[in-house]
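Observations on the three-dimensional arrangement
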Amino acid sequence: MGDYVWFHDVSWHASYAVYFFVIGILAGLSFMSYGSWITPALRPLREKAAYGSIALLALGGVLLIADLSQPLRFLNILNPGYLNFSSPLAWGALNIVAFGICSVLYILALRKGDETRGKLLALVTALLALGLPVYTGFDLTVHQSRPVWNSPIIPVLFVAMAIASGSAVGSLLAMGNEEAQKVLRQYMLWSAGAVAVMLVSVMGTTNYGGSAAELTFMIMTTGTMGLLFIGVGFLAGSVAPAVLLFAPMGKSQAVLMVSALLILVGGAALRYVLLMAPQQLQTLF
Amino acid sequence: MSEELRVSPIETRGVAGKRRFAMVVDTRRCIGCMACQVACKAEYDTPLGVNRTWVPYKVVGKYPTVKKQFLPRLCNHCDDAPCVRNCPVDATFKVEDGGFILQRYERCIGCRSCMAACPYNARFMLPSHRSYTPITNVVDKCTFCFHRVTQNLVPACVQTCIGRARVFGDINDPKSEVSYLVATNSTQVLRPEEGTKPHVFYIGADRNATEFGRDAYRQPEVMELERSAFKRNFKI
């Protein structure tokens with residue numbers, strides 16, 4: 001009683017969580033577009049996923065720049081004289097730019113119908129897309145004072161969430177195409193399952209951590225954050241779709257659509273809580 | 001293992017020929033007058049709602065023997081500063097001679113990565129409107145009064161502290177008061193487990209006051225007044 005704790009604002013606000021969500025979906029869509037060259041069943045998704053991916057990149061870029069308190073200085077991050085390569089943000093900026101350029105070239109190749117170049121560019125774009133959730137994960141991981149963030153599993157979790165969100169959007173885009181849905185069901189099932197397993201691991205290590213980790217666990221599992229993390233993110237967004245898709249009825253179109261929507265809603269909630277909860281604790285120090 | 005082997009290349013403390021400024025805060029002498037905070041505000045025109053230095057307190061003991069335990073806080077000017085590592089544009093940097101962690105305002109993009117990286121909450125975003133100073137919308141922090149120290153003056157907070165709770169100097173100089181205090185008293189730094197090698201040393205700080213407080217977690221309404229005032233004034 002009687003403690004006077006100074007108020008500190010969180011560093012990154014909810015717009016950053018929206019950015020994570022958008023980046024996850026666009027990376028996933030990019031994987032789907034490349035997948036269409038390997039798996040013929042995904043062929044109907046090739047152009048749709050490529051266009052969707054670049055549209056989301058534009059949205060993500062605007063979100064990221066608008067989130068800066070000096071938006072016009074975003075070019076500083078591309079200035080070789082300023083770049084600090086010990087920061088994941090610097091790598092991320094280069095990755096985003098490279099991804100944007102390759103995506104445009106890929107779309108041009110698709111429009112020209114150049115199959116050889118298209119396949120190669122799809123591969124390069126997908127590899128660069130892999131860097132997007134990885135860099136956003138590292139963006140959090142490098143903060144050694146934040147429980148949950150400072151864990152090697154976060155970049156891997158972000159990749160799994162990107163595959164889940166991307167295949168969920170892919171499933172909505174390929175509505176009615178049974179061959180594509182069969183493949184996307186597998187993607188959603190295993191990525192949602194992987195996300196659920198990793199979340200259990202995150203919760204376990206956080207609960208068994210030091211005093212800061214313990215308090216972060218309390219924030220993440222109680223109140224509104226608890227509802228979002230456990231209820232929406234973990235149960236509704238990861239466990240429920242995995243169970244639904246694994247069940248015999250999981251092949252029906254309706255279940256696929258419901259699972260895709262649950263994965264998307266859950267993915268948004270998870271990214272919000274993973275971003276905000278460790279920051280909420282820090283404001284009290 | 002010898003002391004020499006434990007010094008990493010990034011460290012400036014204990015390195016011969018290099019200056020390393022540090023602050024010792026003797027919490028036994030702090031009376032919580034907040035003069036340090038006011039002096040800092042006056043020196044830098046720090047806006048309302050944010051501070052380069054601040055003095056939180058905790059009431060300890062049981063009635064009638066209760067007291068307020070103050071813990072003056074500021075940037076710890078770490079040797080291995082996470083904010084320096086995390087700034088994507090090198091806007092935050094370490095001055096080799098002295099170990100100051102400073103900010104290039106004209107380069108800062110306002111990504112707040114340094115704020116997220118700092119384990120001590122020592123960084124803050126400047127609002128978009130200020131009365132006298134044109135520096136806005138960038139991250140700011142304590143500079144150990146670099147401009148004063150380079151003129152052979154002590155930081156404003158140290159200058160004004162009536163209890164001499166704050167002592168500043170070159171910890172690499174064995175004749176300085178800070179190195180004497182650190183050598184002859186048991187001191188602690190904040191959150192040593194983070195490996196940041198902070199250079200603000202506390203004498204007499206209670207471990208209970210330097211850890212995350214459970215009471216703080218349980219009483220969000222205590223801060224609601226400040227939180228709402230902050231949100232009203234800071235459109236960030």
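The structure presented is a predicted model; accordingly, all values stated were derived computationally and were not measured.

A few words now on the overall build of chain A. When you go through chain A residue by residue, the secondary structure sums to 9 helices and 0 strands. The order of α-helices and β-strands along chain A, N terminus first, is α-α-α-α-α-α-α-α-α. By the compact-globule yardstick of 19 Å for 285 residues, chain A fits well, its C-alpha radius of gyration being 19 Å. Here the C-alpha coordinates of chain A stretch approximately 70 × 55 × 25 Å along the principal axes.

Residues and elements named next belong to chain B. Taken in spatial order, the 4 strands of this open sheet run β8-β1-β10-β9, and their pairing is mixed. Taken across any chain shown, the strands that pair with only one partner, and hence form the sheet edges, are β8 (166-170) and β9 (187-188). Where strand β1 (residues 21-26) and strand β10 (residues 200-203) come together, 4 bridges link them in parallel fashion. Counterpart to Val24 in the pairing with β10 is Phe201. Helix α7 (residues 177-184) rests against β1, β8, β9 and β10 of the sheet, and its axis sits at about 110° to β8.

To continue, consider helix α7 (residues 211-221) of chain A. Ala212, Ala213, Leu215, Thr216, Phe217, Ile219 and Met220 of chain A are the residues of α7 of chain A that are buried. Immediately downstream of α7 of chain A, the backbone of Gly223 of chain A shows phi near 60°, a positive value.

We now examine the packing of helix α3 (residues 88-112) of chain A against helix α4 (residues 115-141) of chain A. All names here are of chain A. Close contact between α3 and α4 brings their axes to 8 Å; oriented N to C, the two are set at 155°. The orientation of α3 relative to α4 falls into the category roughly antiparallel. Crossing of α3 over α4 shows left-handed handedness. Of the residues belonging to the contact of α3 with α4, the class tally is 18 nonpolar, 7 polar and 2 charged.

The subject of this paragraph is unusual backbone geometry. All names here are of chain B. Omega for the peptide link from Tyr63 to Pro64 comes to 5°, which places this bond in the cis form. Note on placement: Pro64 falls in the loop between β2 (57-62) and β3 (65-70). Despite not being glycine, Phe144 shows a phi value in the positive range, around 60°. Following the sequence through the fold, Phe144 ends up in the loop between β7 (139-140) and α5 (146-149).

This part is about the pairing of β8 of chain B. Residue and element names in this part refer to chain B. Counting buried positions along β8 yields 4 of 5 residues, so the element is predominantly enclosed. Summarising the sheet, β1 and β8 pair through 5 bridges and their orientation is antiparallel. Each bridged residue has a counterpart across the sheet, and for Met23 the counterpart in β8 is Phe168.

Right, let's talk about the interface of chain B and chain A for a bit. Listed as interface residues are 41 residues of chain B and, on the opposing side, 37 residues of chain A. Listed by contribution, the elements that provide at least two residues to the side of chain B that touches chain A are β2, α3 (82-86), α4 (113-117), α9 (214-218) and α10 (224-233) of chain B. For the side of chain B that touches chain A, the element with the most residues is α4 of chain B, which contributes 4 residues. When its residues are assigned to classes, the side of chain B that touches chain A shows 23 nonpolar, 7 polar and 11 charged.

Here we come to helix α2 (residues 35-44) of chain B. Residues and elements named next belong to chain B. Of the residues making up α2, those classed as buried are Cys36, Gln37 and Cys40. Around the axis of α2, the buried residues are gathered within 100° of arc, so they sit on the same side. Against α6 (156-160) and β8 lie the buried residues of α2. Just downstream of α2, Asp45 is the residue with a positive phi angle, here 55°.

Let us now look at the nonpolar core. Residue and element names in this part refer to chain A. Formed by 149 residues in total, the largest nonpolar core has its most connected members in Ala164, Met188 and Val273. Looking at this core element by element, the count peaks at 15 residues for helix α9 (residues 253-282). Val273 has contacts with Met220, Met225, Leu228, Phe229 and Gly233, leaving out every residue within four places of it along the chain.

Burial analysis of β1 of chain B places 6 of its 6 residues in the buried class, the great majority of the element. What you see with β1 of chain B is no split at all: Phe21, Met23 and Val25 of chain B on one side and Ala22, Val24 and Asp26 of chain B on the other are buried throughout.

Below, the discussion takes up the environment of Glu178 of chain A. All names here are of chain A. Mapped onto the elements of the fold, Glu178 is located in helix α6 (residues 178-207). Among the residues examined, Glu178 registers 10 C-beta atoms within 10 Å and is labelled exposed. Put simply, Glu178 and Ile77 are 101 residues apart on the chain and 45 Å apart in space, counted from C-alpha to C-alpha.

Take the confidence of the model for chain B next. All names here are of chain B. Averaged over all residues, the pLDDT of chain B is 88; the fraction at 70 or higher stands at 87%. Ranking the elements of chain B by mean pLDDT puts α9 last, at 51, and α6 first, at 98. In the predicted complex, the global pTM is 0.91; the interface-specific ipTM is 0.91.

Right, let's get into the packing of α7 of chain A against helix α8 (residues 223-246) of chain A. Residues and elements named next belong to chain A. Where α7 meets α8, the axes come as close as 5 Å, and the angle between the chain directions of the two elements is 80°. When the interaxial angle is binned, α7 and α8 end up roughly perpendicular. From α7, Ile219, Met220 and Thr221 reach across to α8, where they touch Met225, Gly226, Phe229 and Ile230. A breakdown of the residues in the contact of α7 with α8 according to their chemical character gives 5 nonpolar, 2 polar and no charged.

With that settled, consider the confidence of the model for chain A. The predicted model of chain A has a mean per-residue pLDDT of 94, with 98% of residues at 70 or higher. Across chain A, the secondary-structure element scoring lowest on mean pLDDT is α7 of chain A, at 88, and the one scoring highest is helix α5 (residues 153-173) of chain A, at 97.

Thresholds, definitions, all that
- Residues numbered from 1 in each chain as written.
- Chains lettered and ligands numbered in written order.
- Predicted model: local features only at pLDDT ≥ 70, side-chain atom pairs only at ≥ 80, totals over all residues.
- Helix = DSSP H or I, 4+ residues; strand = E, 2+ residues; numbered from the N terminus.
- Rg over C-alpha atoms; globule rule 2.2 N^0.38 Å.
- Pairing = 2+ DSSP bridges.
- Contact = placed C-beta atoms within 7 Å.
- Axes fitted to C-alpha atoms, helices over the stretch in contact; angles between N-to-C directions.
- Buried ≥ 20, exposed ≤ 12 C-beta atoms within 10 Å, placed from the backbone.
- Parallel < 35°, antiparallel > 145°, perpendicular 65-115°, else oblique.
- Left-handed = near helix turned anticlockwise from the far one by under 90°.
- Nonpolar A, V, L, I, M, F, W, Y, C, P; charged D, E, K, R; others polar.
- Arc of directions from axis to C-beta.
- Core = buried A, V, L, I, M, F, W, Y, C linked by C-beta atoms within 7 Å.
- pLDDT = per-residue confidence, 0-100.

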